[in-house]
Structures are given as C-alpha cells and as structure tokens.
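Here is how the chains run, residue by residue.
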Number of protein chains: 2
Amino acid sequence: MAAKKAYCDCIETIKPVRDALDVINGKWKLPIIISVGVGNDRFTDIQESIPGITPKVLAKELKDLEQHRLVVRTVIDGYPVKITYQLAQYADTLTPIIYSLKNWGLNHRKKVTDRA
Amino acid sequence: MAAKKAYCDCIETIKPVRDALDVINGKWKLPIIISVGVGNDRFTDIQESIPGITPKVLAKELKDLEQHRLVVRTVIDGYPVKITYQLAQYADTLTPIIYSLKNWGLNHRKKVTDRA
DNA sequence: TATAGTGCTTTCCCAAAGGAAAGTGGAATA
DNA sequence: TATTCCACTTTCCTTTGGGAAAGCACTATA
C-alpha cells in the first residue's frame, strides 16, 4: 500500500521547472542570451549592451552557457585574434520562455505603476 | 546627435525580462506557486509537496509572494485557528511562464540523457 | 612613443541565499 | 498526562552571487 499523503502531488510539474531553472538561473543568463541572440558577438559589445554587468560575471556566465551548449565561442585566427560568441541552435528553444517572461514583465510593470 | 554604439540594442527585451526575474527569482518561488496552484493550501502540505524545502525558506518565500500579490494568506478564526494559502488571480498570468519552463525542462532532460 | 581597445583574469570583499537543527505556543488527540 | 499537529521562528553556519577595481598580454591607432 502506498503511504498516505495529505498534500496534492505536483512533482511532475516542479521537477522539470527546476531542471529549467537550474540552467537559466541567476540575474544574467537570459539577458546574455538575449544580447547574443540580437547580434552582439563580441565580449565588449555584449558587456556594453547589458547595463550593470561586470567582465568577471560575464566571463563566468558565458562559460556556463557554453557548457550548457547554449552559446558557442569561436576563435578566429589572424592579427589580431578575434573571438566571437553566437547562440547555438539549441538556444532557440528558449524563445518561448523569454517571450513569456518579457510579456509578463511588461504587464507587471504596468500593474505596479498603476497601483501607485 | 546620439552617442555612437557598436553593440546591438536589446534593452527593450532585457528590461522586462529582468523585471519578471526579479519577482520569481530563486529556486523556490515557482515551485511554491505550482504547489499552491495545484491545491496545497496548508503550510505543512506545501512544505511536504516540495522536496527539500525547509520551513524557514518556505515562510520567507510565502511572505515575498504575498507582497507581490501572487499568493493570499487567510486566517480562519475558530478553535484552532486555521491558516490557508491560495493563489491570487494575478498568479494565473504566470501560467505561460510555468508552462514554457516545464516543457523546456522536460525536453532538456531528454536531451541531456540522450547525450550520455 | 603614448594611448586606446579587446578579452579577459585576479584579488578582495560583501550581502543574500539557503541548509540544519532545534524550539515555541497553543490546541487536539490518545 | 503525554504526545502530536500546526505554523512557524530562531540561531548558526556555509555557499553562492556578484560588485569594485586593478591588471595583463596583445594589437592598433594617433
């Protein structure tokens, strides 16, 4: 017999949501993906396009995103060496998440300012 | 004349996304919303439905969610006093976010296990 | 020759997140 | 009377995130 439980079961939703959150956690991952996705492919450009981000954090987050195969780092030989960042195709699958967050954020801001 | 900028502009997407992330930040907010949304309305039930959450964290996150008007705490007088939590209607607007995260998480887990 | 840009790294530091464990006060239950 | 349940709170501690500032190796530009 299964153990009785008073609470309603929701692990089947919570588990995948947490899997997703583990990948895109923190303040910076989605902003970086947005910035790279829009065409910023140089370290400095990405940095300047995201207000407040420091090079240390950007470097670390880019490495994380590479490991998760969402971003591809390319070294182009030549003088000087060029380094570019691009979204991996897999990052396209994040579009619905970004889209829904953007919409919600826009609506939320309106709601909060209306309140005041 | 506007200052020249080499980078592509993406603040209009980044800003609302960050507004949204500021509200649902951390490991626990969305799991809690999912749990309450599915019918868990007592503190202990919510706690037991979310693996790994401690009462301290749950109490703090519930307060945050109340402040953001996503969750409503109700005290029902009587002997003993009963306390229930429910989603505010506003929390329904999070459904697309949760849905897209869930889908992405499911797909991501498949992708990662296939890789191995 | 001096300065600026590129893509970072390094150090130092602080605050927030979060885990473990115990406790609390009242009421219900055995 | 003892134990349990409920909804937390409290304390202590560790980890993580992240900011500030400086530096570095290389190249390009003035």
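Please refer to the structure placed before this passage.
Residues numbered from 1 in each chain as written. Chains lettered and ligands numbered in written order. Predicted model: local features only at pLDDT ≥ 70, side-chain atom pairs only at ≥ 80, totals over all residues. Heavy atoms only, no water.

The next point concerns the packing of aromatic side chains. If you walk through the whole model with that rule in mind, you get two aromatic pairs over all chains. Look at Tyr-90 of chain A and Trp-104 of chain B: their rings are 5.7 Å apart centre to centre, the planes differ by 25°, and that puts the pair in the stacked class. Of this pair, Tyr-90 of chain A sits in the loop between strand E2 (82–87) and helix H5 (95–115) while Trp-104 of chain B sits in helix H5 (residues 95–115), which puts the two residues in different chains. With a relative accessible area of 8%, Tyr-90 of chain A lands in the buried category. Of note, Lys-111 of chain A hangs over the ring of Tyr-90 of chain B, and the distance from its end group to the ring centre comes to 4.0 Å. (Phe/Tyr/Trp six-rings, centres within 6.5 Å; stacked < 30°, edge-to-face > 60°. Helix = DSSP H or I, 4+ residues; strand = E, 2+ residues; numbered from the N terminus. Buried < 20%, exposed > 50% of the residue type's maximum accessible area, 1.4 Å probe, protein only. Lys NZ or Arg CZ within 6 Å of the ring centre and 35° of its normal.)

In this fold, Ile-34 of chain A is placed in helix H2 (residues 29–37). Measuring from C-alpha to C-alpha, the distance between Ile-34 of chain A and Val-71 of chain A comes to 11 Å, with 37 residues separating the pair along the chain. Beyond its immediate sequence surroundings of up to four residues, Ile-34 of chain A is in contact with Ile-98 of chain A together with Cys-10, Thr-13, Ile-14 and Val-17 of chain B. (Contact = heavy atoms within 4.5 Å.)

Each partner contributes residues to the interface: chain B has 53 residues there, and chain A has 53 residues. In this assembly, chain B packs against chain A so that about 4,700 Å² is buried in total across both faces, 68% of it on carbon and sulfur atoms. Taken together, the connections running from chain B to chain A amount to two salt bridges. A salt bridge links Asp-19 of chain A to Arg-109 of chain B, with the shortest nitrogen-to-oxygen separation between them at 2.7 Å. (Buried area = accessible area lost by both parts, 1.4 Å probe. Salt bridge = Lys/Arg side-chain N within 4 Å of Asp/Glu carboxyl O.)

Take the pairing of strand E2 (residues 82–87) of chain B next. Residues and elements named next belong to chain B. As defined by bridge partners, strand E1 (residues 71–76) adjoins E2 across six bridges and the pair is classed as antiparallel. Across the sheet, residue Arg-73 finds its bridge partner in E2, namely Tyr-85. Taking the residues between adjacent antiparallel strands as the criterion, E1 and E2 are bridged by five residues, where Gly-78 takes a positive phi near 140°. (Pairing = 2+ DSSP bridges.)

A separate point is the protein's contact with DNA strand C. Arg-42, Arg-73 and Tyr-85 of chain A together with Lys-27 and Lys-56 of chain B are the nearest of the 19 residues found near DNA strand C. Near-protein atoms of DNA strand C (within 4 Å) split between backbone and bases, with sugar and phosphate holding 62%. At 2.2 Å from a phosphate oxygen of DNA strand C is found a side-chain nitrogen or oxygen belonging to Arg-42 of chain A. In this structure, a phosphate oxygen belonging to DNA strand C sits 2.4 Å away from a side-chain N or O atom of Arg-73 of chain A. When residues of the surface near DNA strand C are traced back to their parent elements, those giving at least two are helix H3 (43–49), helix H4 (55–67) and E2 of chain A together with helix H4 (55–67) of chain B. Grouping the amino acids of the surface near DNA strand C by side-chain chemistry returns nine nonpolar, two polar and eight charged. (Near = heavy atom within 4 Å. Polar contact = N/O pair within 3.5 Å; in protein donor to acceptor, adjacent residues only side chain to side chain. Nonpolar A, V, L, I, M, F, W, Y, C, P; charged D, E, K, R; others polar.)

Turning next to H2 of chain A. Turn by turn, an α-helix covers 3.6 residues, leaving residues three or four places apart pointing in a common direction. Most of H2 of chain A is tucked away, with eight of its nine residues classed as buried. Those residues of H2 of chain A lying buried are Lys-29, Leu-30, Pro-31, Ile-32, Ile-33, Ile-34, Ser-35 and Val-36 of chain A. The inward-facing, buried residues of H2 of chain A contact helix H1 (11–23), H3, H4, E2 and H5 of chain A together with helix H1 (11–23) of chain B. Backbone geometry just downstream of H2 of chain A places Gly-39 of chain A in the positive-phi region, at approximately 125°.

Just distances and angles here, no functional claims.
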